[in-house]
Amino acid sequence: MARLLEVSDLSIHFGGVKAVQNVSFGIDAGIVYSVIGPNGAGKTTLFNLITGVYKPTAGEIRLDGEAIHGRSPNELARRGMARTFQNLQICMNMSAIENVMVGAHLRLDRNLVKAALRFPGLKRRDRELRDEAAQLMDFVGLGQYVEARADSMPYGALKRLEIARALAMKPRLIFLDEPAAGLNPKETIEVDHLVRKVADSGVTVVLVEHDMKMVMNLSDRILVLDYGKKLAEGTGEEVRRNPDVIAAYLGAHA
Amino acid sequence: MKSTTIGILVVAAILVVLPFVAPNAYYLDLTVRMAINAIIVLGLNLLIGFAGQISLGHAGFLGIGAYASAVLPTHFGWHPLVAMGAGAAATAVLAGLVARPIFKLKGHYLAMATLGLGIIINIALRNEAQWTGGPDGMPVPAMGLFGFELSTDRQWYWVVAALLVISVWASLNLIDSPFGRALRALHGSEVASQVVGVDVVRYKVAIFVMSAVFASLMGSVTAHYIGFVSPNFADFFHSIELVTMVVVGGMASVFGSLVGAVLLTALPQALATFEGWETVVFGAILMGFMIFLPKGIVPTLAAKFGKGD
């Protein structure tokens, strides 16, 4: 089976700091792939590299065999990549459902003049989109917030709102950056179920997460980073037994 | 959507009734000026309030429109409408050329660049005396529409009132569209809007150009209405005045734009009785607004009475 995403020898340096060094891995379509590692291991940096927020210093990223490194985030969005953020990136100046509707940006007629003059088809399309966004909010468990303003929602709900926005893109590949961070155990289990649902709907999931129970529960494959380098890669069982991983997580003498 | 429809109807109703209750020609003239400013501020608020970008040079664009309407018909015999269109086109090109490289940078470069651009336009208008009349300004030929000459204040009133209602309607449409959502999203979180596919630079340029064209067209209208242009049209302080209207009325509020324009057009007139102290009183009132209504008049009131704009 062809790899959906292929990362080879990827590196980025910020001045003297080598945040990601020569990392290589591949992700098959349809799986849940997790990236774990201690704080500062370079997980979010890796996400930022793949989704185009940072440009790599060296190395290659291929999506369906096509080189995509160095492309801007909006071009990558066009190719079916979606993501959420570790530190929330919700537009607080908009309502919750509008945040989700923005996710469908690329599927809409974005013409300024037509919008200002309110061309007939546009309004109808927008109403359909609103219904679709409401369904998505339902899907992620935010049905009660369909009429809410984003800035009136609790933290846990906003985390899921980001997932709904990403899903509104109808992505092939979704990058979830610590979707359970800051959530209580009950909310964490809900997000766990939600990620499973997303994966089952046919979207390839790439997950960064500190909650090991969730990672082991969901992942088909796991990449372990430490100090920007690849420490191990494999199934949950393989990674768990890897002595380097045990050393990195529990200290060298454990 | 309902509350905005009511808003448009209220604005239209006020505009229809006003000329019949205005006590004299002075008030009619004041209303025309308010409406012209309101249209400019609507465009500027799309840029500042909704997209979160600042312009300190919008009077410069207004000046280009005004002088296009003065110079082209006077020296080259162009039809006023064609001249108006040419002014708007020139403004669009200039605004686009300046905005594109600026928006690729992050930070407050746009404020500096627009400030500089406005000042350059003002200086050009002052110095090119053989075309523009220099600091003295120049008269503007009358605007003819379909063989019918617009001359009285009352005729201008209806034209400007119609333009204002259309502008309010178009602004509300734009905000509640995919384009408008993208604009608000890049204000709310630039990186989030990028990863859902918004070409941030393109959108910023588009709204900057559009608001500049609004200013240019209204510059042309003002020129024909007053029948005279001077470099003061493009003065830096005029740019600041326009930004102040946005802020006082309420950022990211369509009806706030109207309130800001009406209030700050009327206020200097109302303060004329203070003889020499009017600037001080004006400043004090602005400070009061910023302290007690920091989000602007309409958003603050809307929040207070639990109604969204």
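As the structure is a prediction and not an experimental result, all values here were calculated from the model.

## Considerations on the sheet that holds strand E10 (residues 229-234) of chain A
Residues and elements named next belong to chain A.
- The strand order across the open sheet built from six strands is E6-E7-E8-E3-E9-E10, with neighbouring strands paired in mixed fashion. The sheet is open, and its two borders are formed by strand E6 (81-83) and E10, each paired with just one other strand. Geometrically, the sheet is characterised by an average inter-axis angle of 15° between neighbouring strands, direction not taken into account.
- Where strand E7 (residues 173-177) lies against strand E8 (residues 204-208), five bridges are found, and the strand directions are parallel. When the sheet's bridge partners are listed, Asp177 is paired in E8 with Val208.
- Lying on the sheet, helix H10 (residues 243-250) is in contact with strand E9 (221-226) and E10; it crosses E10 at an angle near 125°.

## Observations regarding the packing of helix H4 (residues 80-103) of chain B against helix H10 (residues 200-226) of chain B
Residues and elements named next belong to chain B.
- Between H4 and H10, the shortest axis-to-axis distance is 8 Å and the interhelical angle comes to 150°. Comparing the axis directions of H4 and H10 gives the class roughly antiparallel. For the pair H4 and H10, the crossing hand works out as right-handed. Of the residues in H10, those in contact with Pro80, Met84, Gly87, Ala88, Thr91, Ala92, Ala95, Gly96, Ala99, Arg100 and Phe103 of H4 are Val201, Lys204, Val205, Phe208, Val209, Ala212, Val213, Ser216, Leu217, Ser220 and His224.
- Residue composition of the contact of H4 with H10, grouped by class: 14 nonpolar, six polar and two charged.

## Here we look at the domain arrangement of chain A
Residues and elements named next belong to chain A.
- Domain parsing of chain A yields domain 1 (1-80 + 171-254) and domain 2 (91-170).
- Computed from C-alpha atoms alone, the centre-to-centre distance between domain 1 and domain 2 is 27 Å.
- Taken together, the contact between domain 1 and domain 2 spans twelve residues of the former and twelve residues of the latter.
- Looking at the side of domain 1 that touches domain 2, the elements that each hand over two or more residues are helix H2 (73-78), E7 and helix H7 (185-200).
- Partitioned by chemical class, the residues of the side of domain 1 that touches domain 2 number eight nonpolar, one polar and three charged.

## Overview of the interface of chain A and chain B
- Residue-level contacts link 31 residues of chain A with 26 residues of chain B.
- Split into classes, the residues belonging to the side of chain A that touches chain B amount to 18 nonpolar, six polar and seven charged.

## Description of the nonpolar core
- Membership of the largest hydrophobic core comes to 170 residues, with the highest contact counts inside it found for Ala164 and Val205 of chain A together with Ile40 of chain B.
- At 14 residues, the largest contribution of residues to this core is made by H10 of chain B.
- If sequence neighbours within four positions are ignored, Val205 of chain A has contacts with Val32, Tyr33, Ile174, Leu176, Val195, Val198 and Ala199 of chain A.

## Quick word on the packing of helix H12 (residues 254-270) of chain B against helix H14 (residues 297-304) of chain B
All names here are of chain B.
- Their axes nearest at 7 Å, the elements H12 and H14 cross at an angle of 125°. Here H12 is positioned oblique relative to H14, judged by the angle of their axes. Contacts from Phe255, Gly256 and Val259 in H12 reach Ile297, Val298 and Pro299 in H14.
- Grouping the amino acids of the contact of H12 with H14 by side-chain chemistry returns five nonpolar, one polar and no charged.

## Considering unusual backbone geometry
All names here are of chain A.
- You will see that Arg118, though not glycine, has its phi angle at about 55°, which is positive.
- With respect to the helices, strands and loops of the structure, Arg118 is situated in the loop between helix H4 (112-116) and helix H5 (120-139).
- Positive phi values are uncommon outside glycine, yet Glu178 reaches one of about 50°.
- Counting through the fold element by element, Glu178 comes out in the loop between E7 and H7.

Reading the values: rules and limits
- Residues numbered from 1 in each chain as written.
- Chains lettered and ligands numbered in written order.
- Predicted model: local features only at pLDDT ≥ 70, side-chain atom pairs only at ≥ 80, totals over all residues.
- Pairing = 2+ DSSP bridges.
- Helix = DSSP H or I, 4+ residues; strand = E, 2+ residues; numbered from the N terminus.
- Axes fitted to C-alpha atoms, helices over the stretch in contact; angles between N-to-C directions.
- Contact = placed C-beta atoms within 7 Å.
- Parallel < 35°, antiparallel > 145°, perpendicular 65-115°, else oblique.
- Left-handed = near helix turned anticlockwise from the far one by under 90°.
- Nonpolar A, V, L, I, M, F, W, Y, C, P; charged D, E, K, R; others polar.
- Domains from an automatic or database assignment.
- Core = buried A, V, L, I, M, F, W, Y, C linked by C-beta atoms within 7 Å.
- Buried ≥ 20, exposed ≤ 12 C-beta atoms within 10 Å, placed from the backbone.

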